[in-house]
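Architecture at a glance
For reference, the chains in residue letters:
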Amino acid sequence: MITGKEHAQVAQPPTGWQTRADIVFRGVAHLFGAAVVLLLAAIVFEVMRHAGSSMLKHRLGFFSGSVWDANRGQFGIFPEIAGTLYTSFWALLLGGFLGVTLALILSQGFLSRRGELVMKNVVELLAAIPSVVYGLWGIFVLVPLLRPFAAWLNEHWGAFPLFSTRLSGPGVLPASAVLTIMILPTITAVAREALAAVPPRLAAAAYGLGATRWEVIFRVMLPTASGGIFGALVLGLGRAFGETMALAMLAGNAQTFSWSLFSPGNTLAALLANHFPEAGEYEVNALMYAAGVLLVITLTVNILGSLIMMKATAGLKGLR
Amino acid sequence: MATATEPRGPAGLQLSLVNTRTLLDRVLTVLAIGFAAFALFPLFSVLYMLIVRGGHLLSPMLFTELTPGAGMEGGGIGNAVLGTLIVVVLASVFSLPLGILAAIYLAEYAGESRLGTVVRFAGKVLTGMPSILAGVFAYAVIVVTTRSFSAFAGGVAMAILMVPTIMLTGEQALRAVPEKMRLAALGMGASRMETTLRVVLPTALPGILTGVMLALARAMGETAPLLFTALFSDYWFDGKLGAPIASLSVLIYNFSGSPFAHLSELAWAASLVLVVLVLALNVLAQVIIRRPKEF
Amino acid sequence: MHRSDRHLLRALLALLGAVLFLLGCNKGSSGQGAPAASSAAAPAADTTITLQGSGASFPAPLYSRWFREYGTKNPNVRVNYQATGSGAGIKAFTAGQTDFGASDAAMTDDEIKAAQGNVVLLPMTAGHIVLAYNLPDVKDLKLSREAYTGIFLGEITKWNDPKLAKANPSVKLPATDITPINRSDGSGTTFVFTQHLSAVSEKWKAGPGTGKSVTWPAKAAVGGAKNDGVAALIQRTPGSIGYIEFVYAATSNQPVAWLENKAGKFVAPTPEAAAAALAHVELPEDLRAWVTDPTGDDAYPIATYTWVLAKKKYGDKSKSDALKTLLKWCLGDGQKLSNELHFLPLPESVTSRVLKAVDGIE
């Protein structure tokens, strides 16, 4: 119980100590915010330091070439760029859809409070599984599982570009599938937080007007939380771009790009993981060039995403 | 379904499957649960695979014995479990302050400012960074300068992977705290710092924790960062943070591909232990920080 | 203080206690295993010497076993080895981050120059590479030189190709497509295999050539990560064939092909045949020798040494002494463990040369 005397002490103009502490805290917060930028800058610098010589040598041919041959000094990453974008696209499509669905189930009263908590932990378990284990699971379980379906689709609908090759093992489909699973916890968790942050009175109002649960979801919850959900998707996409170990084992390491889901391919991160340990100086420089390209792709996609976000949420201000 | 004796309410409030809206609602619910089950099937498949292949090695000996050599019987993963915990503590010491304070900056001070946008973008680009790059960077900055592989470098590499997720999810969690709570605290005479630390941060803690746990779970399962920085050690941690240290992720990387059955079984057991460890950390943290009641 | 604060404090204290308890356990049980017998030449002082090595993953199982065994006999020497890949091992060794390295491809002249020549290459053990395949009804597939080079060049695409049938008259080879499986990551195994292919096929030499990773010409080629990835792919891909280290085929009973050697004979990939290949090799002064196309009727064509990289001069006498004793043990008693782990013991002629080189380390 706060006494009258304490009331007077609490509600008073800021003391000198408080003002100074505020300034210091503000400075510290700015500093740490800047530190993150500095970290990125340091990493970019380190990458550029090695990539520089390779960039001068290979210039733009790097982007259109498809040969990666350290012995001959030929380096090209077109299949990897295409592969990264292609697998991440599928992972985002499927992972985004499933992730938001899971987030809805975890936040819209489908389950009891306890059920939601248990499910939340179950989903986060997906994040706890090591990357290498996903790769192994992909080889031992997923690929054999997919093989009959892939064979059937290839036989009957082979003309369709998505099914135009045989599934011989690792490839776009297993890689995208595992990527989906790996970004699922991120998307689910962040989307769930976004949905939970929607003021309950909005949903309550809608229910009071007689809306069904799914009507509330589609017309109130999703639009209001759209900013956060979009953020979840962007985080998930970033994670998909950077996934290393599992894709090194499942992408197939082929220097080709094909629209077929069943063909082997490669991604930038997998290329790095596969070649870095054994790389000599020239190859390391080329790999750093590729790493730089990946960072630029991530940046570009994020900028595009923000632009889309700004356009889309322009009319939603003031809801809180 | 209304019988003759039940009072009939206004048409829109009746839960009748004949009504299209209700039918749609039910169908969507079934579909959603179906998709969710589909999404979770891989989890159970992976866990099943781990249990079948490595479950039989779960015993206290697993945690008290050192990693065996090829062709040897017995042995365990004790040094790796301890090593992982130590590296996690190191990484948290580096990444939690940085990530949370940066999140506070973004949520409380940055608004729509130029620097804020840049910081946010930096965070998003960093989430997309391949884990191997974090390892290579930490190698170049720390291992090369100290001329030694070390647990310290491993902690730094892991922290680099964790910071962006902690910062971005932390920002969202902080922003979700209703403005009125901040205003109430300020109105009572609290300074900006007191408001942030005593009111906003505790309220946002469950959300921040989600981000921390996500970051931690991912970092613990990544091999590449530790492979280039902390290497591995077949011995117990001897207190030297400047020397290589064992870890579960590198152990799994080493043993999972081994042609010797005992070693690959240890890898599966280690994977199981890692998953359970992350789950335990998760549950522990959630128990400590209970979600406050909604307003 | 608040109740939740107290809970937090208690949990942290419990965690701290657990960590300290574990640490305490370790101090009591450091150097597991048999009590230290009076071992020859082990440093008598109480200080433990730690030797750190990294490099090739091919010999890692043997090295890890060696160092554990050596550690039980000499508890004050801790030897650590981590497989990071030959390239990374050479880099770390050259930069002084490790005390010794290991490489399947020895070191190139450039790499030796980068280490200022302060390096001695020591063959420690050897192994051979086999071609494993997945054809359920075919035992003891025989592949002529023309056959296996053709398969990896992508020129032979079906199993019932006449070139393959020629060497296997008693077997009905199916009409399935051949899926050649190679390594997706850079590796010493690829280096040795492609080096052999370059030696036996002009076309290969002019084409993909020798390297830790090359461009594989076959259209149907698929890449697997590391030896076990390739082995797993072969097991799960009908009609596939790939190159893996012998130990992976031996422990999984994978069917492997008989290869035609220089003398025109088809040889099964047994350890004896591989040892026969290495026996004829003349080691030059710097101990870098490649057996790209061995002579001899019973020689298996694809075998190789693997090297440990040590400094010629260490600044630290206790360290160099410990390392020398360790290496001598590996070259002596250690070789007895080779067969158990499916590696090849070094021929006597080679061991004596290497021991002499070890003596030269300061």
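On a predicted model such as this, the values are computed, not experimentally measured, just so you know.

Thoughts on the overall build of chain C
Broken down by element type, chain C carries 13 helices and 11 strands. A buried classification covers 56% of the 362 residues belonging to chain C. Across chain C, contacts joining residues at least 24 apart in sequence account for 74% of those joining residues at least 6 apart. Carbon and sulfur atoms form 56% of the exposed surface of chain C, whose accessible area is close to 14,900 Å².

So, the pairing of strand β4 (residues 120-133) of chain C
Residues and elements named next belong to chain C. Here β4 lies mainly inside the structure; 14 of its 14 residues are buried. For β4 and strand β11 (residues 303-310), the ladder comprises eight bridges, and the chain directions are antiparallel. The residue of β11 that forms the bridge with Leu121 is Leu309. Taken together, the five bridges between β4 and strand β8 (residues 240-245) define a ladder with antiparallel strand orientation. Following the sheet pairing, Leu131 is matched in β8 by Tyr243.

Observations regarding the interface of chain B and chain A
Tallying the contact residues gives 91 residues for chain B and 95 residues for chain A. Here chain B meets chain A over a buried area of about 8,000 Å², counting both sides, of which 75% is carbon and sulfur. One can count one salt bridge joining chain B with chain A. A salt bridge links Arg21(B) to Glu215(A), with the shortest nitrogen-to-oxygen separation between them at 2.7 Å. Listed by contribution, the elements that provide at least two residues to the side of chain B that touches chain A are α1 (20-54), α3 (78-110), α4 (114-127), α5 (131-146), α6 (151-175), α8 (192-220), α10 (248-256) and α11 (261-288) of chain B. Taken together, the residues of the side of chain B that touches chain A break down into 60 nonpolar, 20 polar and 11 charged.

What to know about unusual backbone geometry
Residue and element names in this part refer to chain C. The phi dihedral of Ala106 is positive, around 45°, even though this residue is not glycine. On the secondary structure map, Ala106 appears in the loop between β3 (100-103) and α4 (109-114). According to the relative accessible area criterion, Ala106 is buried, its value standing at 1%. Phi angles above zero are rare outside glycine, and Leu287 is one such case at about 65°. You can see Leu287 is positioned in the loop between α11 (271-279) and β11. What makes Leu287 buried here is its relative accessible area of 3%.

Remarks on the environment of Thr215(C)
Tracing the chain through its elements places Thr215(C) in the loop between α8 (202-206) and β7 (222-224). Thr215(C) has contacts with Val67(A), Trp68(A), Asp69(A) and Pro208(C), leaving out every residue within four places of it along the chain. Within polar-contact distance, the side chain of Thr215(C) engages the side chain of Asp69(A) at 3.1 Å.

Some words on the nonpolar core
Membership of the largest hydrophobic core comes to 319 residues, with the highest contact counts inside it found for Ile77(B), Met124(C), Leu131(C) and Leu143(C). Among the elements that take part in this core, α3(B) stands out by supplying 18 residues, more than any other. With residues near it in sequence (within four places) discarded, Leu131(C) still touches Leu143(C), Tyr148(C), Phe152(C), Phe193(C), Ile241(C), Gly242(C), Tyr243(C), Pro255(C), Val256(C), Ala257(C), Leu259(C) and Tyr300(C).

So, helix α5 (residues 145-153) of chain C
Residues and elements named next belong to chain C. Taken across its nine residues, α5 has eight buried, putting it largely inside the fold. Turning to α5, its buried residues are Arg145, Ala147, Tyr148, Thr149, Gly150, Ile151, Phe152 and Leu153. Following α5 by one or two positions, Gly154 has its phi on the positive side, about 85°.

Remarks on the side chain of Ser86(C)
Residue placement: Ser86(C) occurs in helix α3 (residues 86-94). Judged by relative accessible area, Ser86(C) falls into the buried class, the value being 1%. There is a polar contact of 3.3 Å between the side chain of Ser86(C) and the backbone nitrogen of Asp104(C). Once residues lying within four places of it in the same chain are set aside, the contact partners of Ser86(C) are Glu278(A), Gly55(C), Ala56(C), Ala102(C), Ser103(C), Asp104(C) and Lys212(C).

Quick look at the confidence of the model for chain A
When pLDDT is averaged across chain A, the result is 86; 94% of the residues are at 70 or more. No element of chain A has a lower mean pLDDT than helix α1 (residues 4-10) of chain A, at 54, and none a higher one than helix α4 (residues 78-107) of chain A, at 93.

Focus: the interface of chain B and chain C
At the junction of the two partners, chain B supplies 35 residues and chain C supplies 35 residues. Between chain B and chain C lies a buried interface of about 3,200 Å² when both sides are counted; carbon and sulfur atoms form 56% of it. When the buried area of chain B at its contact with chain C is split by residue, Tyr235(B), Pro259(B) and Ile288(B) rank highest and sum to 21% of it. The tally of links from chain B across to chain C stands at one salt bridge. Where Asp238(B) meets Arg78(C), a salt bridge forms, and the shortest distance between an N and an O atom there is 3.8 Å. On inspection of chain B and its partner chain C, the count reaches 13 residue pairs in polar contact (both at pLDDT 80 or more). It is α10(B) that provides the largest number of residues to the side of chain B that touches chain C, a total of four residues.

Considerations on the side chain of Thr223(B)
Relative to the helices and strands, Thr223(B) is located in the loop between α8 and α9 (224-227). We classify Thr223(B) as buried; its relative accessible area is 0%. Ignoring anything within four residues of it in the chain, the contact list for Thr223(B) reads Val132(A), Met245(A), Ser249(B), Val250(B) and Tyr253(B).

Remarks on the sheet that holds strand β5 (residues 142-143) of chain C
All names here are of chain C. Taken together, the three strands give an open sheet; going across it, the order is β5-β9-β10, and neighbouring strands pair in mixed fashion. Edge positions in the sheet fall to β5 and β10 (266-267), since each has one partner strand and no second. The pairing of β5 with strand β9 (residues 258-260) spans two bridges and is parallel. Across the sheet, residue Lys142 finds its bridge partner in β9, namely Trp258.

Looking at the packing of aromatic side chains
Under the defined criterion, the tally for this structure stands at 37 aromatic pairs over all chains. Between Phe163(A) and Phe262(A) the ring centres are 5.8 Å apart and the planes differ by 20°, which places this aromatic pair in the stacked class. Linking Phe163(A) in the loop between α6 (131-157) and α7 (172-196) with Phe262(A) in the loop between α10 (245-250) and α11 (268-275), this pair joins segments that are 99 residues apart in sequence. Taking the centre distance of 6.1 Å and the plane angle of 35° together, the rings of Tyr63(C) and Phe67(C) count as tilted.

A look at the environment of Gly53(C)
Residue and element names in this part refer to chain C. Residue placement: Gly53 occurs in strand β1 (residues 49-55). The spatial distance from the C-alpha of Gly53 to the C-alpha of Ala165 is 47 Å, given a sequence separation of 112 residues. The residues touching Gly53, leaving out its near neighbours within four places in the chain, are Asn80, Tyr81, Gln82, Thr98 and Phe100.

Conventions and cut-offs
Residues numbered from 1 in each chain as written. Chains lettered and ligands numbered in written order. Predicted model: local features only at pLDDT ≥ 70, side-chain atom pairs only at ≥ 80, totals over all residues. Heavy atoms only, no water. Helix = DSSP H or I, 4+ residues; strand = E, 2+ residues; numbered from the N terminus. Buried < 20%, exposed > 50% of the residue type's maximum accessible area, 1.4 Å probe, protein only. Contact = heavy atoms within 4.5 Å. Areas by Shrake-Rupley, 256 points an atom, 1.4 Å probe, with all protein chains shown as cover. Pairing = 2+ DSSP bridges. Buried area = accessible area lost by both parts, 1.4 Å probe. Salt bridge = Lys/Arg side-chain N within 4 Å of Asp/Glu carboxyl O. Nonpolar A, V, L, I, M, F, W, Y, C, P; charged D, E, K, R; others polar. Polar contact = N/O pair within 3.5 Å; in protein donor to acceptor, adjacent residues only side chain to side chain. Core = buried A, V, L, I, M, F, W, Y, C linked by side-chain atoms within 4.5 Å. pLDDT = per-residue confidence, 0-100. Phe/Tyr/Trp six-rings, centres within 6.5 Å; stacked < 30°, edge-to-face > 60°.

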